[in-house]
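In case you want the letters, here they are:
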Amino acid sequence: MSEPRRRPPGSVDVARQAGVSQKTVSRVMNGEQYVSAEVRERVLRAARELGYRRNTAARALNLGRFHRIGVASLGSSLYGPASMLVELERGAREIGYALSVVNTPEGEAGHVMAAVESLLDQGVDGIVLSEPIDEGQPLRIDPDVPVLSFSQVPGVAGPRVVIGGASGVDSGRLATEHLLELGHRTVWHVAGPGRWFTARDRLRGWQEALAAAGAAEPPPLSGDWTPASGYAAGRVLAADPEVTAVFVANDDMAIGLLRAMAEAGRPVPQEVSVVGMDDIPSAAYLSPPLTTVRQDFEAIAAHGLALLVDEIENLSGTAVRDDPPARLIVRQSTASPKE
């Protein structure tokens, strides 16, 4: 005969083991103030030991909030989007929120809006747009929950929309200015896919830096973020003796471009200087080690979530909007041009 099924532990059990009232347990689990650090830790320890799980559905009814953030993501394996998703999940967990993710694959219009609707149906307190792309039709998002976007997206605006993250424009400008300061007359650019708002921002930063320096703007080439597309662009640029400096919109494409330059007998940085973007783990171990622009995904995610949660919980927009800056990492792929 099987043993009777034991009921799951409840807040009464946690209160008894922690030696506090059930109301105190409720305050701790709801993240309320007026609970000492020692009591909070005692309650959380008792909950862990008993295997207590909060009834999130009941909690949402009581508080009017789900303590869940939704993310509309491309679901890409690319370093930048994948790193951002990892840090969003970690950051949300640290501040007491769960994360729901809906992937928005490229190719058809309406995927972002469909993802947003799906997240709202699941019950979320706020939405993150991670690496949205231009789907060929205006993106009109005006839900009744706050929205965080990591880039300026046309159509995503309103009193509860916050923009966070290191500016792609600033990053593109930083990379280009480094090459100009080394003495290169101008800088060529291998851009990301035109549908990506991130790629457009980096392109704009490159253009602004050239214009500010009075440098000529060569026609940009474009790739699809992969080393293969960087290699194809590199073969074109390697054939032009005027090319002495290239800003590549991500490190993976820069890897392909380095290979093309080597095959064409255009040594880096002796003849051509190259700057990438992202500072992927392998960038420091390439030949030559790649100069690149590093984005602190952990800081960007934490800062963006702080802005979003401030909108969710305080409705005030009082959180400090000081985005983490991108950082130029100078290695051996850039140098002054030959005389």
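As a reminder, the structure under discussion sits directly above these lines.
The rules we used
Going along each chain's sequence as written, the residues are numbered from 1 onward. Note on the predicted model: pLDDT of at least 70 is required for a residue's local features to be given, and 80 or more for side-chain atom pairs to be given and counted; whole-chain, interface and lining totals, by contrast, use all residues. Working from all heavy atoms in the structure, the side-chain values ignore hydrogens and water. By this definition, two strands are paired if DSSP reports at least two bridges between them. Each helix is a run of DSSP H or I of at least 4 residues and each strand a run of E of at least 2, with the numbering of both proceeding from the N terminus. In summary, the pairing rule links any two rings of Phe, Tyr or Trp, Trp by its six-membered ring, whose centres are within 6.5 Å, and it sorts them by plane angle into stacked for under 30 degrees, edge-to-face for over 60 and tilted for everything else. Accessibility here uses a 1.4 Å probe with only protein chains present; expressed as a share of the type maximum, an area under 20% marks a residue as buried, one over 50% as exposed, and anything in between as partly exposed. Note on definitions: salt bridges are taken to be side-chain nitrogens of Lys or Arg within 4 Å of carboxyl oxygens of Asp or Glu. We call a set of buried residues a nonpolar core when its members are Ala, Val, Leu, Ile, Met, Phe, Trp, Tyr or Cys and they connect through side-chain atoms within 4.5 Å of each other. Any two residues having at least one pair of non-hydrogen atoms within 4.5 Å are treated as being in contact. Axis geometry follows a simple rule: fit a line to the C-alpha atoms, using only the stretch in contact for helices, then measure angles between N-to-C directions, giving values from 0 to 180 degrees. Contacts described as polar in this section are N or O atom pairs within 3.5 Å, which, within protein, must combine one atom able to donate a hydrogen with one able to accept it, while residues neighboring in sequence count only if both atoms come from side chains.

## Considering the sheet that holds strand β6 (residues 188–191)
Two modes of strand pairing occur in sheets, parallel and antiparallel, and in both the strands are linked by backbone hydrogen bonds.
Thinking step 1. Taking strand neighbours across the sheet as the criterion, the six strands line up as β7-β6-β8-β9-β10-β11 in an open arrangement whose pairing is mixed. Of all strands in the sheet, those with a lone pairing partner are β7 (221–222) and β11 (327–329), marking the two edges.
Thinking step 2. Examined bridge by bridge, strand β8 (residues 245–248) and strand β9 (residues 273–278) share three bridges and lie parallel to one another. Bridged to A245 within β9 is S273.

## Quick word on the packing of aromatic side chains
Thinking step 1. Per the counting criterion, the structure on display carries two aromatic pairs.
Thinking step 2. Taking 5.9 Å as the distance between ring centres and 75° as the angle between the ring planes, the aromatic pair formed by Y79 and F297 counts as edge-to-face. Remark: F297 occurs in helix α11 (residues 297–314) and Y79 occurs in helix α5 (residues 79–94); sequence separation between them is 218 residues.
Thinking step 3. By relative accessible area, which is 27% here, Y79 ends up partly exposed.
Thinking step 4. Plain terms: the ring middles of W196 and W225 are 5.5 Å apart, the flat faces sit at 75° to each other, and that makes the pair edge-to-face. With W196 in the loop between β6 and α8 (197–213) and W225 in the loop between β7 and α9 (227–238), this pair connects stretches of sequence that are 29 residues apart.

## Observations regarding the pattern of salt bridges
Thinking step 1. Following the criterion strictly, the structure yields 15 salt bridges and no others.
Thinking step 2. The partner of E41 in a salt bridge is R48, and the shortest N-O contact between them spans 3.1 Å.
Thinking step 3. For E41, a relative accessible area of 34% puts it in the partly exposed group.
Thinking step 4. With relative accessibility at 54%, the residue R48 sits in the exposed group.

## A short note on the nonpolar core
Thinking step 1. Formed by 27 residues in total, the largest nonpolar core has its most connected members in V190, L237, V246, V248, L257 and V274.
Thinking step 2. Of all the elements in the fold, those that place two or more residues in this core are β6, α9, β8 and α10 (251–263).
Thinking step 3. Once you skip the residues sitting within four places of it in the chain, L257 turns out to touch V190, G230, Y231, G234, L237, V246, V248 and V274.
Thinking step 4. Y97, F150, L307 and I312 belong to the second-largest nonpolar core, a separate cluster that totals 18 residues.

## Here's the deal with the sheet that holds strand β5 (residues 161–163)
Thinking step 1. Taken together, five strands build an open sheet; the order of strands is β2-β1-β3-β4-β5 and the sheet is parallel. Strands at the two margins of the open sheet, each flanked by one partner only, are β2 (98–103) and β5. This sheet shows a mean twist of 20° between the axes of neighbouring strands, independent of strand direction.
Thinking step 2. As judged from the six bridges shared by strand β1 (residues 68–73) and β2, these two strands associate in the parallel manner. Opposite A72, over in β2, you have V102 as the bridge partner.
Thinking step 3. Where helix α6 (residues 111–122) meets the sheet, its contacts fall on β1, β2 and β3 (126–130), and the angle it forms with β2 comes to roughly 145°.

## Quick look at the side chain of T292
Thinking step 1. Along the chain, T292 turns up in strand β10 (residues 291–294).
Thinking step 2. One polar contact links the side chain of T292 to the main-chain amide nitrogen of D279, over a distance of 3.4 Å.
Thinking step 3. Among residues more than four places away in sequence, those in contact with T292 are D251, V275, G276, M277, D278, D279, R327, L328, I329 and R331.

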